[in-house]
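Listed below are the residues making up each chain.
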Amino acid sequence: PQRLLRLHRLLARLEDGHSNLVPFYLPTAGFERQLPLRFYLFDEGLYITRTDAAHSELAGARVIAIGGVQAETAVRAVMALVGADNPQWARNWAPVTLRYAAYLAAFGWSDTEAVDLTLAMPDGQQRALRIAFAVAPDTGHSAQRMTPGRFRTDRNYDFTHLADENAVLAIYSAVADMDDESLAAFADRLFDF
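About the thresholds
- Residues numbered from 1 in each chain as written.
- Predicted model: local features only at pLDDT ≥ 70, side-chain atom pairs only at ≥ 80, totals over all residues.
- Heavy atoms only, no water.
- Helix = DSSP H or I, 4+ residues; strand = E, 2+ residues; numbered from the N terminus.
- Buried < 20%, exposed > 50% of the residue type's maximum accessible area, 1.4 Å probe, protein only.
- Contact = heavy atoms within 4.5 Å.
- Areas by Shrake-Rupley, 256 points an atom, 1.4 Å probe, with all protein chains shown as cover.
- Axes fitted to C-alpha atoms, helices over the stretch in contact; angles between N-to-C directions.
- Parallel < 35°, antiparallel > 145°, perpendicular 65-115°, else oblique.
- Left-handed = near helix turned anticlockwise from the far one by under 90°.
- Pairing = 2+ DSSP bridges.
- Salt bridge = Lys/Arg side-chain N within 4 Å of Asp/Glu carboxyl O.
- Phe/Tyr/Trp six-rings, centres within 6.5 Å; stacked < 30°, edge-to-face > 60°.
- Polar contact = N/O pair within 3.5 Å; in protein donor to acceptor, adjacent residues only side chain to side chain.

1. Some thoughts on the overall build of the chain
- Along the backbone of the chain there are five helices and eleven strands.
- Projected onto its principal axes, the C-alpha positions of the chain cover 50 × 45 × 30 Å.
- Considering the chain as a whole, with its 193 residues, one finds that 40% of them fall into the buried category.
- Put simply, of all contacts in the chain between residues at least 6 apart along the chain, 55% involve residues at least 24 apart.
- Of the roughly 11,400 Å² of accessible surface on the chain, 52% is carried by carbon and sulfur atoms.

2. Things to note about the packing of helix α2 (residues 71–79) against helix α3 (residues 87–97)
- Close contact between α2 and α3 brings their axes to 9 Å; oriented N to C, the two are set at 110 degrees. The angle between the axes of α2 and α3 places the two elements in the roughly perpendicular class. For the element pair α2 and α3, the recorded crossing hand is right-handed. Across the interface between the two elements, V75, V78 and M79 from α2 touch A90, R91, A94 and T97 from α3.

3. Notes on the pairing of strand β4 (residues 62–66)
- For β4, a buried count of four out of five residues is recorded, marking the element as mostly surrounded by other parts of the structure.
- Of the pairings in the sheet, the one linking β4 to strand β6 (residues 114–120) comprises four bridges and is antiparallel in character. Note on β6: the bridge partner recorded for R62 is A120.
- From the end of β4 to the start of strand β5 (residues 69–70), which pair antiparallel, there are two residues, and G67 there has a positive phi angle of about 55 degrees.

4. Digging into the pattern of salt bridges
- Evaluated as defined, the whole model comprises eight salt bridges.
- Of the charged contacts in the structure, one is a salt bridge between R127 and E57, with a shortest N-O distance of 3.6 Å. Of this pair, R127 sits in strand β7 (residues 126–132) while E57 sits in the loop between β3 (45–51) and β4, and the two are 70 residues apart along the sequence.
- With a closest N to O distance of 3.5 Å, R155 and E181 form a salt bridge. Pair noted here: R155 is in the loop between β9 (141–142) and β10 (157–162) and E181 is in the loop between β11 (167–172) and α5 (183–192), with a separation of 26 residues, a long-range link.
- Judged by relative accessible area, E181 falls into the buried class, the value being 11%.
- A single salt-bridge network, built from bridges that share partners, covers R155, D180, E181 and R189.

5. Describing the pairing of β3
- Note: strand β2 (residues 37–42) against β3, six bridges, orientation antiparallel. Of the residues in β3, the one forming a bridge with F42 is G45.
- Joining the antiparallel neighbours β2 and β3 is a turn of two residues.

6. Thoughts on the packing of aromatic side chains
- The full count for this structure, using the stated rule, is seven aromatic pairs.
- On the numbers, 5.7 Å between centres and 85 degrees between planes, the contact of F42 with Y47 is edge-to-face.
- The class of F42 is partly exposed, set by a relative accessible area of 36%.
- Each member of the aromatic cluster is reached from another via a ring pair, and the members are Y157, F159, F186 and F193.

7. Focus: α3
- Inspection of α3 places A90, W93, A94, P95 and T97 among the buried residues, and these make up the whole buried set.
- Check the buried side of α3 and you find it contacts β2, β3, α2 and α4 (101–106).
- At the N-terminal end of α3, a side-chain oxygen is found 3.0 Å from the backbone nitrogen of Q88, two or three residues along, and the residue is N86.

8. Thoughts on unusual backbone geometry
- Positive phi outside glycine occurs at E15, with the angle close to 50 degrees.
- Unusually for a residue other than glycine, N166 sits at a positive phi of about 50 degrees.

And the structure:
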């Protein structure tokens with residue numbers, strides 16, 4: 001575990017978003033186990049945005065502590081492992097890293113079976129619980145539907161008007177021009193709308 005952290009810190013010194021250790025992308029021994037939760041780092045704090053079916057009541061909760069460490073402290077510690085071109089890159093990867101048993105155990109915040117979390121629930125109540133790690137959990141339950149069922153696209157980018165919500169939903173899945181529309185033309189069309 002300590003070698004893992006040292007290697008991360010060494011690569012992070014390059015300050016390059018493409019020079020990182022990401023063992024969870026490929027089957028790598030020791031990285032199979034993760035929390036059945038997904039986190040997102042908002043300005044207001046670290047929140048649970050997706051869960052497996054068994055933990056769906058936790059969606060929308062703010063994380064106060066992970067393994068007895070304040071969430072802000074844990075996020076800063078994990079951000080120091082990320083080679084980044086800009087601050088947003090580390091903000092993006094910290095919540096992902098915090099899901100993996102290997103990282104939480106390396107920092108001493110968990111054992112290999114589970115981690116203790118303290119949460120501020122959406123109803124305002126504080127809740128302490130122990131969550132077991134799982135192998136490739138299905139985290140399909142979210143705090144809210146992110147993509148309306150009526151709008152699906154296999155295009156690199158697209159948008160739709162959600163009249164009921166008085167909003168526009170834009171999907172941007174790949175940084176690549178399409179045969180029928182350049183990215184620049186899409187941006188113009190989107191902002192014109």
